[in-house]
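Each chain, letter by letter, is given below.
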Amino acid sequence: MSQNAPQTVDLLIEARWVVPVEPHDVVLEHHAVAIDHDRIVAVLPIAQARTHYAPRERVELGEHVLIPGLINTHTHNPMTLMRGLADDLPLMVWLQQHIWPVEAKVIGPEFVRDGVELAVAEMLRGGTTCANENYFFPDAIGATYRKLGFRAVVGLPVIEFPSAWAKTQDEYFERAGATHDSFRNDTLIRTAFAPHAPYTVSDESFERIRVLADQLDIPVHLHLHETAHEVEEERKKSGLRPFQRLQKLGLVNDRLIAVHMTQLTEGEVAACAEAGVSVVHCPESNLKLASGFCPAEKLRKAGVNVAIGTDGCASNNDLDMFGEMRTAALLAKAVAEDAAAFDAGFALRAATINAARAIGLEESIGSIEVGKQADLAAVRVSDLETQPLFHIVSQLVYATGRHQVSDVWIAGRRKLAARELVDMDTAGLLARTHAWRERIAAI
C-alpha cells in the first residue's frame, strides 16, 4: 500500500459546524469527525478528511451542528411511565401520597424495562446519549440499557424501608454488590451507589456506602438539600444540616454527586469546591415542585463542577436536555441577578463534559476529542426558528428545540437516523406504554 493511501475508517461525519466542547467555546466550520470502531480517530477540515480517510460510510450534514451526545446527570427513567400522574403538588405530598403508593403496586422488572425503553426513545430523539440512573431493580435497568445500546451509569439503591427490590439493609447491599459485579466489564454500563437521601438513609448505611464506594471506585449519587423542609427536619433531628451530616460521615468528597442542592450556605459552596463534589442542577423539576433555587452561578464561580439533569418524568415532565440547558441558564441569571451568569457555553458544558466528569467518565465521553468514544448528536439548525445564525452555541442553548436533533451515535453506532429510531420497535413500545397507563389509572 502506498504511504499516502487513505486510511480506512468505519465512518466519516462531515458537518457544517462541529462544537467539540473541549477546547471551550470553539466552533469548527466545515469539519469532519472520523470514527473507527467505537472511537473518534480524527477531527479535521472536510477537505483534509476526504484526502486522509476512506470511510465505509460517509454522512454529510450540510445544515447541522455536530455536538457531543448530551448527558442527563440525574434521572429516574422507569418513572417515565408515570409522566403527568400527579402534577402541581409540593414534593412530600407528591412523593408520599401519590408516587410511592403507585410504585408499591406496579414496580417490578417489567415496569422498569418498559419505562427505561420509553425513556431511551425520548432521550435519543433529544440528542441524549448517556443517563445517570437512580431507581429500583438496577439489574433490569442495566440489562435494558445494554440491550438498547444506550450508555448509562446505573444507581445501586439504598433506602431504609423495604421495597420490591430488597427487604432489609443487608439485602440492599448484597443485591448492590451482585448488580455491580454483573456489569463490571461492560463497555456501556457503569454503576454508582444511589442512597435516596439523608432523610431516608441511616448513618450505618452511609458508612457502609463510603467504604464500598472507595473499594469499588464508584460514585455516590443522592438527593441532597432538595428543600428547606428537608434541611430543617434534619437540623431538628441531629442538630446538623444534611450536608454537615454527610461531612461527618466522610461522604463529602470527589465521588459525591449531589443532586438539587437548593439550600446552600456560603461555607457549603466552598466545601463542595474544596472537596471536588459534583452538583447536579435540575431546574425544571425544582421549579415545578417549588423546591427552591440551586445557586448554580455561585457554585460555578467557586469552581464546583456543575452538571445538569432533568430528574424523572413524574416531576419534570420530560427528558428534554435542550430545554433543561435553556432553563438552567435563564434561572441562574435571575437568581444571581446577573445577565452574564451561567452563559450558553457553560450551559452546554454542564450537559456534556461537566456531566461526564460528575459520573467519572470524562476520559471517555463529554467532548469530541481524538481517542474518546463516538457519542455524538447532529442538530439541524436550518429551521426558520433557528435563523439567522450569529453565534452557534448561543443558538443551541437559547433557540434550538430537541425536535431539531436528526442523528445520534453511541460508541460509533447509529441510534437515530433522520429522526427515525434505529432498531427500536416503536409500535410495540407505544402499545406497552398504553397498557401501563390503563393499569396505573385504575389504581
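All values reported here derive from a predicted model rather than from experimental measurement.

Rules of the game
- Every chain begins its residue count from 1, and numbering advances along the sequence as written.
- Per-residue local features of the predicted model are confined to residues with pLDDT of at least 70, and side-chain atom pairs are confined, for both listing and counting, to 80 or more; whole-chain, interface and lining totals are unaffected and use all residues.
- The side-chain quantities take in all heavy atoms of the structure and omit both hydrogens and water.
- To qualify as a helix, a DSSP run of H or I must reach at least 4 residues; to qualify as a strand, a run of E must reach at least 2; elements of each kind are numbered from the N terminus.
- A simple rule labels every residue: compare its accessible area, found with a 1.4 Å probe on the protein chains alone, to the largest value its type can have, and call it buried under 20%, exposed over 50%, or partly exposed in between.
- The charge count includes Lys and Arg as positive and Asp and Glu as negative, but it does not include His or the ends of the chains.
- Salt bridges are counted wherever a side-chain nitrogen of Lys or Arg sits within 4 Å of a carboxyl oxygen of Asp or Glu.
- Two N or O atoms count as a polar contact when they lie within 3.5 Å, although within protein this holds only if one can serve as hydrogen donor and the other as acceptor, and sequence-adjacent residues are included solely when both atoms are side-chain atoms.
- Two residues form a contact once any of their heavy atoms are found within 4.5 Å.
- Paired strands, in this sense, are two strands between which DSSP finds at least two bridges.
- On a scale of 0 to 100, pLDDT captures the predictor's confidence in every residue.

A word on the side chain of Glu 133. Tracing the backbone shows Glu 133 in strand β6 (residues 128-133). One buried charge, Glu 133, has no salt-bridge partner; the nearest side chain with opposite charge is Arg 83, at 13 Å. A polar contact is formed between the side chain of Glu 133 and the backbone nitrogen of Asn 77, at a distance of 2.9 Å. Within the structure, the side chain of Glu 133 is placed 2.7 Å from the side chain of Tyr 145, a separation counted as a polar contact. Here Glu 133 is in contact with Thr 75, His 76, Asn 77, Pro 78, Val 116, Ile 141, Tyr 145, Val 153, Val 154, Gly 155 and His 221, once residues within four sequence places are set aside.

What follows concerns helix α4 (residues 138-148). All of the buried residues along α4 are Pro 138, Ala 140, Ile 141, Gly 142, Thr 144, Tyr 145 and Leu 148. Tucked inside the fold, the buried residues of α4 contact α3 (109-125), β6, β7 (151-158), α5 (169-182), β8 (189-195) and β15 (413-417). Positive backbone phi, approximately 70 degrees, marks Gly 149, located one or two places after α4.

Right, let's talk about the sheet that holds strand β2 (residues 28-36) for a bit. Pairing in this open sheet of eight strands is mixed, and the strands run β3-β2-β1-β4-β13-β14-β15-β16 from one edge to the other. The open sheet is flanked by β3 (39-45) and β16 (420-421), the only strands paired with a single partner. Bridging between strand β14 (residues 405-410) and β15 involves three bridges; their strand directions are antiparallel. The partner of Val 408 across the bridge, within β15, is Leu 416.

To continue, consider the side chain of Lys 415. Tracing the sequence through the fold places Lys 415 in strand β15. Despite its burial, Lys 415 pairs with no opposite charge, the nearest such side chain being Asp 423 at 5.4 Å. Looking at Lys 415, its side chain comes within polar contact range of the main-chain oxygen of Leu 148, at 2.9 Å.

Bringing the pairing of strand β9 (residues 220-224) into the picture now. Both faces of the sheet carry side chains from a regular strand, because those side chains alternate between them. Counting buried positions along β9 gives five out of five residues, so the element sits mostly inside the fold. Of the two faces of β9, the one lined by Val 220, Leu 222 and Leu 224 and the one lined by His 221 and His 223 are each fully buried. For β9 and strand β10 (residues 256-260), the ladder comprises five bridges, and the chain directions are parallel. Across the sheet, the residue bridging to Leu 222 is Ala 258, located in β10.

Low pLDDT marks stretches whose predicted atomic positions should not be read closely. Across the protein chain, pLDDT averages 97, with 99% of residues at or above 70. Taking the mean pLDDT of every element in the protein chain, the minimum, 93, falls on helix α2 (residues 91-106) and the maximum, 99, on strand β13 (residues 376-380).

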